[in-house]
Amino acid sequence: MAKNTYRNEPLNGSRATNEFRGRSNEPRTAANTPKGQAAPKKKSGRSFNFSLPKLKLPGFRISFLKDKRFRLFTGFFFLLLSFCMIIAFVSYLFTGHADQSVVESVNSTGLKESGKEAENWLGLFGAWLSHLFIFKWLGLGAFFVIPIVFFTGARLVFRRLTISLSYVLGLCSFSMLWLSLTLGYIIYVSGAVEDLGFLGGGIGIETAVWMTSLIGWGSGLVLAFLFLVFLVFFFDITSLSWGSGKTEPETTENTAMHNRAASGIGEVVHGSARGINHNADPTASLDYEEEDEELFDDEEEDAINQALEMELRSIAPVTTVAPKPTAPPLELDIEDESILEEAELEFDTADGEEELDLVIEEAPEEEVGDAIENYDPTLDLARYQYPTIELLNEYGASKVSVTKEELEANKDKIVETLGNYNIGIASIKATIGPTVTLYEIVPDAGVRISKIKNLEDDIALSLAALGIRIIAPIPGKGTIGIEVPNTKKEMVSIKSILSTEKFLKSEMDLPIAFGKTITNEVFITDLAKMPHLLMAGATGQGKSVGLNIILTSLLYKRHPSQLKFVLVDPKKVELSLFNKIERHFLAKLPDSEEAIITDTKKVVNTLNSLCMEMDMRYDLLKDAGCRNLKEYNRKFVERRLNPKKGHRFMPYIVLVIDELADLMMTAGKEVETPIARLAQLARAIGIHLVVATQRPSVNVITGIIKANFPARISFKVTSKIDSRTILDAGGADQLIGQGDMLFSIGSDIIRIQCAFVDTPEVDRICDYIGEQQGYSDAYLLPEFVGDDSGAEKTDFDPSNKDPLFEEAARIIVQHQQGSTSLLQRRLKLGYNRAGRLIDQLESAGIVGPFEGSKAREVLIPDEYSLEQLLNTMG
């Protein structure tokens, strides 16, 4: 029992090793025997005296090396050197190319002149040091020299540092050489030695050339094999095992090893009495004494020796009581002990069944937690970076340049003009905006508002200014507003708007930063809540810039997985810049080559495809029990919807039409009907429309379209009729142009100076996004198959054709114009019969399908081909 009690005492592994070596290598003598005990007599035969031979060195060298001040100085020198190497090496990554010629020409130029030319952060010394270690020798592997130098200095200064210097030396030495060789091989194979050769260094590149010439691509396998060998030997990896089932046997084996070590210590302590010599390794004792001589002073060695002797005295009574064991029974007892401990561990585990159940239940909970982790749609493009503010131009300080004299002069003229018509003013206040100044007046009691409203032209005449607009009264205030343009207008740059905290911290779904209001506040609105936007304005008044502002604002706030654009550009040049972001943000038809739609036929198909997408999304929302896209996507992100049932994360889709008037002229009802459907229904499923036109007449903005676009923007228009068409109110004809606009939502009309974004800025943003990794293709809309005349050809019955069918076909082919009016004039027919003839000609494959106001395409090139077709038809 005494033996078991001793073996089961906890031991500190590192301390046990040191104590074992100290006691086994130093014999008990009169010099180191504690007081009160007799020195043991030397016995003949085996002994444990493995003391080191005394080396006779010159006295001045020994005293010099043992000087604490010298060690301290050397340690601080190494620490300082390590910090200098960090600065020099990091600086080399930025200034290495510039300093290379300086270092190589230092012999001919001179130190002083070269030092002035060196750009390294440590001057010429840093340039030379980094050039030597990185360029000529080890490349990036030279950075592993720094830990070796640092920990050497730290070991000399802080002697009780627990980090093993040999561990750091081995790890960093291999990493230094292996990284240099690996980078040299990669750079050499990729052919980038001229540009990136410094990463591998001279050693890495030359070794790569040598290895490649000998074994070719097998060099990579050799490097990988060397790395595995290093891992196995350095970290002492003896086996590979997975799972938790082997944890307890390994713990038992470690316990047995500790017991053997403890038993070995006891036997070595009393080895002189029994004549048994365990671990008599003179090499180990030699290593230890050499390390001791270097790391500890004489005073510290005495203190350690005294502690070891006290440890021996505390252990000796316990081990002397134990019976004298032989080697085989000792080994057998340890094996039985480990088996007994393993059995006890199993018994304790069985008794603690409740704890075991708790541990087993935790693992599935973690797995379930991982399984139900929220879905992140941005992981498809996890490295996507949003455009930066630095891509935008700075147009100078945004200061409102309205002088006090100008304000006073305008105030006096307003008061004087109103006074000429016997309208008294109780108070007047001015609010300065970027392009206009708002004068709020409170008239005297009894003055009719309509009287002031009718004086709009008179006030403009007295102020000699264009764009005077009277708001009578201002909504929410008991005042009348008179907007007067500033003499010097302020340019509102897109950079000044997007860099504001209001935009950066916006939580809107689709935030749009239009510009600044007349009170100089940044105006941001949510397209998702509008939910559709109708824009109008005469040519050159800022309509296209406004579209670019909308697109830029959304690009700065949304990830490609959250937003897609459908761009319709009949002008073919306004939105062409956004072609570069096709694989990130654009949507298109499956068979379409270009994502930006310019052809009228494709516009009709795209609009109908969006209607199909809308119907599909509504079906998904119905199955998911959601009322809008935001609720649906939240459920999908929380993994409450099954993708196997067709559910998917659905991005917002913004349809942008640059010129509606051209589409209405060429396609008419074919365009109006799907636009009206989308405007009526698409809000809830995340499809939003932005439609712009320069001619806001009633035949372009029809009642059906207008009724479903509650949010409207009007730049300067030419007449009050156009203003009322787009805004249902006047005032847009009084704007001053250059981005001056009125924003109407509901009954509120807000005057805004639209921000300015130049074409090069949009180009840089699109380049920044387009150069990043994108999806394999644009977002594909459902395939829409239009009316096919081939299906009607099979239904054509020649026996039921009109008697004038062949004559009508000859007229159409002769003139190459499939027009109903042409048949009316030539054959003197009514509209109904001429229309039926055109339908029969379409069924027969002579003319193409209906194309709105355009004439139908004639499919037969000449009369000879027509006669062959007629003969075939019988």
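Above this text you will find the structure in question.
What you see is a predicted model; the values in this text were computed from it and never measured.

Visitor: Is there a simple way to explain the overall build of the protein in this structure?
Guide: Helix and strand content of the protein: 37 helices and 15 strands. Taken across its 874 residues, the protein has 43% of its residues classed as buried. Across the protein, contacts joining residues at least 24 apart in sequence account for 69% of those joining residues at least 6 apart. Accessible area of the protein: about 48000 Å², with a carbon and sulfur share of 56%.

Visitor: How do you make sense of the nonpolar core when you look at a structure like this?
Guide: Nonpolar side chains in soluble globular proteins tend to be buried together. If you look at the biggest cluster of nonpolar residues, it comprises 109 residues, and the most contacted ones within it are Phe514, Leu533, Phe565 and Phe578. In terms of residue count, helix H26 (residues 600-624) provides more of this core than any other element does, nine residues in total. Formed by 22 residues, the second largest nonpolar core is a distinct cluster that contains Ala808, Ile812, Val813 and Leu841.

Visitor: Please explain the packing of aromatic side chains as it appears in this structure.
Guide: Two numbers describe a pair of aromatic rings. These are the distance of the centres and the angle of the planes. If you walk through the whole model with that rule in mind, you get 20 aromatic pairs. A ring pair is formed by Phe83 and Phe150, whose centres lie 6.2 Å apart and whose planes are at 80 degrees; its orientation type is edge-to-face. Placement of the pair is Phe83 in helix H4 (residues 68-104) and Phe150 in helix H8 (residues 145-157), with a sequence separation of 67 residues. We classify Phe83 as partly exposed; its relative accessible area is 46%. Here the aromatic residues Phe89, Phe133, Trp137 and Phe143 are joined through ring pairs into a cluster of three or more. In this structure, Lys557 packs its charged tip against the face of Phe503, placed 5.5 Å from the ring centre.

Visitor: Whenever I open this one, the packing of H4 against helix H7 (residues 123-138) confuses me. Can you help?
Guide: Between two packed helices, the angle of one axis relative to the other and the distance separating the axes together describe the packing. The interhelical angle for the contact between H4 and H7, taken along N-to-C directions, is 95 degrees, at an axis separation of 7 Å. Viewed along their axes, H4 and H7 adopt a mutual orientation that is roughly perpendicular. Along its contact with H4, which presents Met85, Ala88, Phe89, Tyr92, Asp99, Gln100, Val102, Val103 and Glu104, the element H7 presents Leu124, Gly126, Ala127, Trp128, Leu129, Ser130, His131, Phe133, Ile134 and Phe135. Here the residues of the contact of H4 with H7 are counted per class, giving 13 nonpolar, four polar and two charged.

Visitor: So what exactly am I meant to see when it comes to the side chain of His559 here?
Guide: Counting through the fold element by element, His559 comes out in the loop between helix H24 (543-557) and strand E8 (563-568). Overall, the relative accessible area of 3% leaves His559 in the buried class. Sequence-distant contacts of His559, that is, excluding residues within four places in its chain, are made with Thr378, Leu381, Tyr384, Tyr386 and Phe585.

Visitor: For this particular structure, what's the right way to read the side chain of Asp658?
Guide: With respect to the helices and strands, Asp658 occurs in the loop between strand E10 (652-657) and helix H28 (660-666). Residue classification places Asp658 among the buried positions, given a relative accessible area of 0%. For Asp658, the residues in contact, after removing those within four places along its chain, are Ser544, Leu547, Val568, Asp569, Lys571, Glu574, Leu575, Ala692 and Thr693.

Visitor: I keep staring at the sheet that holds strand E5 (residues 511-517) and nothing clicks. Help me out?
Guide: Strand pairing in a sheet relies on backbone hydrogen bonds, with the paired strands running either antiparallel or parallel. Spatial ordering of the open sheet is given by E6-E5-E14-E13-E12-E7-E11-E10-E8, a layout of nine strands whose pairing is mixed. Only two strands of the sheet have a single partner each, and these edge strands are strand E6 (522-526) and E8. Between one strand axis and the next, the sheet turns through 25 degrees on average, direction left out of account. As paired elements, strand E12 (residues 711-714) and strand E13 (residues 740-745) share four bridges and run antiparallel to each other.

Visitor: Help me understand a nonpolar patch on the surface, please; the structure alone is not making it clear to me.
Guide: Residues Tyr167, Trp210, Leu214, Ile215, Val222, Phe225, Leu226, Val229, Val232, Phe233, Phe235 and Ile237 make up a contiguous nonpolar surface patch of roughly 1200 Å² in combined accessible area. Mapped onto the nonpolar patch, the elements with two or more residues apiece are helix H11 (201-215) and helix H12 (218-234). Take the nonpolar patch: its biggest share by element is six residues, from H12. Topologically, Ile215 is positioned in helix H11.

Visitor: Explanation requested: the sheet that holds strand E2 (residues 436-443) in the structure shown.
Guide: If you walk across this open sheet you meet the four strands as E1-E2-E4-E3, and the pairing is antiparallel. Looking at strand neighbours, the two that pair on one side only are strand E1 (425-432) and strand E3 (469-471), the edges of this open sheet. Strand after strand, the sheet turns through a mean of 20 degrees between neighbouring axes, direction not considered. Strand direction decides the pairing type here: E1 and E2, joined by seven bridges, are antiparallel. Across the sheet, residue Ile432 finds its bridge partner in E2, namely Thr437.

Visitor: How should the packing of helix H34 (residues 805-815) against helix H37 (residues 863-873) be read in this particular structure?
Guide: Closest axis-to-axis distance for the H34/H37 pair is 10 Å, and the angle between their directions is 155 degrees. Comparing their axes, H37 and H34 come out roughly antiparallel. Here the hand of the crossing between H34 and H37 comes out right-handed. In contact with Phe805, Glu806, Ala809, Arg810, Val813 and Gln814 of H34, H37 contributes Glu863, Leu866, Glu867, Leu870 and Met873.

Visitor: Would you mind showing me how to read unusual backbone geometry here?
Guide: Excluding glycine, a negative phi dihedral is what most residues carry, and trans is how most peptide bonds are arranged. Residue Pro531 follows Met530 across a cis peptide bond; omega there is 0 degrees. Among the secondary structure elements, Pro531 is positioned in the loop between E6 and strand E7 (533-536). Even without a glycine there, the phi angle at Lys572 is positive, about 70 degrees. Given a relative accessible area of 55%, Lys572 falls into the exposed group.

Visitor: Where do I start with the pairing of E8 in this structure?
Guide: Remember that side chains alternate between the two faces of the sheet whenever the strand is regular. Of all six residues in E8, six are buried; the element is thus mostly enclosed. Taking every second residue as pointing to the same face, both faces of E8 are buried, with Leu563, Phe565 and Leu567 on one and Lys564, Val566 and Val568 on the other. Bridging between E8 and E10 involves six bridges; their strand directions are parallel. Bridging from a neighbouring strand, Leu563 pairs with Tyr652 of E10.

Visitor: How do you make sense of the environment of Tyr188 when you look at a structure like this?
Guide: Inspection of the secondary structure assignment puts Tyr188 in helix H9 (residues 165-190). Among the residues examined, Tyr188 registers a relative accessible area of 33% and is labelled partly exposed. Distance from Tyr188 to Ala208, taken between C-alpha atoms, is 6.8 Å for residues 20 residues apart in sequence. Not counting residues up to four positions away in its chain, the partners in contact with Tyr188 are Val193, Ala208, Val209 and Thr212.

Visitor: Is there a simple way to think about the pattern of salt bridges in this case?
Guide: Between side chains of opposite charge, a pair can form as their charged atoms come close. Under the counting rule described, the total for this entry stands at 29 salt bridges. One salt bridge connects Arg640 with Glu638, and the closest N-O pair in it is separated by 2.9 Å. You can call Arg640 exposed: its relative accessible area is 54%. The partly exposed category is assigned to Glu638, whose relative accessible area is 32%. Between Asp728 and Arg712 there is a salt bridge, with the nearest N and O atoms lying 3.0 Å from each other. Within this pair, whereas Asp728 is found in the loop between helix H31 (720-727) and E13, its partner Arg712 is found in strand E12, the two being separated by 16 residues in sequence. When salt bridges that share partners are traced, they join Arg469, Glu483, Asp740 and Arg751 into one network.

Visitor: I tried to follow the environment of Met614 on my own but got confused; where do I start?
Guide: Tracing the backbone through its elements, the reader meets Met614 in helix H26. Residue Met614 is classed as buried on the basis of its relative accessible area of 0%. The sequence separation of Met614 and Ile687 amounts to 73 residues, and the corresponding C-alpha distance is 7.6 Å. Filtering out sequence-adjacent residues up to four positions away, Met614 remains in contact with Arg677, Leu678, Leu681, Ala682, Ile685 and Ile687.

Visitor: I would appreciate a short explanation of H4 in the present structure.
Guide: Residues spaced three or four apart along an α-helix point in a common direction, a consequence of the helix completing one turn every 3.6 residues. Compared with an ideal rise of 1.5 Å per residue, which puts 37 residues at 54 Å, H4 spans 40 Å between its outermost C-alpha atoms and falls more than 12% short. At Thr95, H4 shows its strongest bend, of approximately 85 degrees.

Visitor: What exactly am I supposed to notice about H7 here?
Guide: Here H7 spans 21 Å end to end across 16 residues, near enough to the 22 Å set by a 1.5 Å rise per residue. Along its length, H7 reaches its greatest deviation from straightness, about 35 degrees, at His131. When we look at burial in H7, the residues that qualify are Leu124, Gly126, Ala127, Leu129, Ser130, His131, Leu132, Phe133, Ile134 and Leu138. Contacts from the buried residues of H7 go to H4, helix H5 (106-109), helix H6 (111-117), H8, H9 and H11. Looking one or two residues past H7, Gly139 carries a phi angle of roughly 65 degrees, positive in sign.

Scoring rules and cut-offs
- Residues numbered from 1 in each chain as written.
- Predicted model: local features only at pLDDT ≥ 70, side-chain atom pairs only at ≥ 80, totals over all residues.
- Heavy atoms only, no water.
- Helix = DSSP H or I, 4+ residues; strand = E, 2+ residues; numbered from the N terminus.
- Buried < 20%, exposed > 50% of the residue type's maximum accessible area, 1.4 Å probe, protein only.
- Contact = heavy atoms within 4.5 Å.
- Areas by Shrake-Rupley, 256 points an atom, 1.4 Å probe, with all protein chains shown as cover.
- Core = buried A, V, L, I, M, F, W, Y, C linked by side-chain atoms within 4.5 Å.
- Phe/Tyr/Trp six-rings, centres within 6.5 Å; stacked < 30°, edge-to-face > 60°.
- Lys NZ or Arg CZ within 6 Å of the ring centre and 35° of its normal.
- Axes fitted to C-alpha atoms, helices over the stretch in contact; angles between N-to-C directions.
- Parallel < 35°, antiparallel > 145°, perpendicular 65-115°, else oblique.
- Nonpolar A, V, L, I, M, F, W, Y, C, P; charged D, E, K, R; others polar.
- Pairing = 2+ DSSP bridges.
- Patch = residues over 30% accessible without salt bridge, like charges linked within 9 Å, V, L, I, M, F, W, Y side chains within 5 Å.
- Salt bridge = Lys/Arg side-chain N within 4 Å of Asp/Glu carboxyl O.
- Left-handed = near helix turned anticlockwise from the far one by under 90°.
- Expected span 1.5 Å × (residues − 1).
- Bend = angle between axes of the 7 residues up to and from the residue.

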